[in-house]
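# Chains, contacts and geometry: an overview
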Amino acid sequence: ARVPERGRDEVGVLARSFNHMTAQLVGQRERLVQTERVAAWRELARRLAHELKNPLFPLQLTVENLVRARQLPEDEFDEVFRESTQTLGMEIANLKTIIARFSDFSKMPKPELERIDARDAIERVRSLYEAAGAGADQEAAKIRFDVQLSAKPMPLDADPELLHRALSNLVLNAMDAMPGGGTLTLSAQPKGKAVELRIADTGQGMTPEECERLFTPYYTTKEHGTGLGLAIVQSVVADHGGAISVESRTGGGATFVITLPKAREARA
């Protein structure tokens, strides 16, 4: 804001000082935006370089082994060739996956809205992952699914595939957080003019600092990860006019809370 500068009395001096201050604030804000943009690009470059370096190193070693193995007898070379081509194929597939994740994040599609029920969205995710959580064999850690749904319909105007993708990401994260087994709770309850979806685990939880940075693109607490999963979830939720937050403490599990507006008629 600017104020008119009239006269040379105290009011005029105050007006000029105020306008000078607001001009400085605008300049500082523009410099801050530029600095943040540069920092974001640097972080993107750092993450991309890190993710691509991991599969490139075995690719280089494999090619070097093939070159050396060319001097071996034919039957020995054939064995090395089979192993090397298998390694090359796996690492190339890994590279494609990494690039696809970055590509997906850069071009998130706009939601194609349909009338769905939040209960159906939760049940779809449960039916997909409950068998995996039970463990493929008796040695595997068991994850028990606890589903808590309101008896009342909870209509949403949402893209069923994008919402399923977001919920799946949160469920997989919750399962990863419980390598020794535990309880994964999925719930959907009406909250006024909104619907609240919760995905909770009984894992190790997170520190307040981790919770603060959790939705930042390219930030991850996992040893192997691009840090894009939760950023994509947040993008999907925001595109639906909703909000997402996390409740957690070290040793006390984590709960992701998604709040989505009810379908228009239901809000009325």
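Please refer to the structure placed before this passage.
Here we summarise the structure given alongside this text. Predicted model only: the values in this text are computed from it and were never measured.

Secondary structure summary: the protein contains seven helices and seven strands in total. The helix and strand sequence of the protein, counted from the amino end, reads α-α-β-α-β-β-α-β-β-α-α-β-β-α. The buried share of the protein, reckoned over its 268 residues, is 34%. The contacts of the protein with a sequence gap of at least 6 include a subset with a gap of at least 24, amounting to 71%.

If you look at the biggest cluster of nonpolar residues, it comprises 41 residues, and the most contacted ones within it are Val 171, Leu 184, Leu 197 and Phe 256. The biggest single contributor to this core is helix H4 (residues 160-176), with eight residues. Beyond its immediate stretch of four places on either side in the chain, Val 171 contacts Val 125, Tyr 129, Phe 145, Leu 184, Leu 186 and Ile 199.

Okay, the side chain of Thr 62 next. As for its placement among the helices and strands, Thr 62 is situated in helix H1 (residues 10-69). Under the relative-accessibility criterion, Thr 62 is labelled buried at 7%. Discounting chain neighbours no more than four positions away, the residues touching Thr 62 are Ser 84, Thr 87 and Leu 88.

About the criteria used
Residues numbered from 1 in each chain as written. Predicted model: local features only at pLDDT ≥ 70, side-chain atom pairs only at ≥ 80, totals over all residues. Heavy atoms only, no water. Helix = DSSP H or I, 4+ residues; strand = E, 2+ residues; numbered from the N terminus. Buried < 20%, exposed > 50% of the residue type's maximum accessible area, 1.4 Å probe, protein only. Contact = heavy atoms within 4.5 Å. Core = buried A, V, L, I, M, F, W, Y, C linked by side-chain atoms within 4.5 Å.

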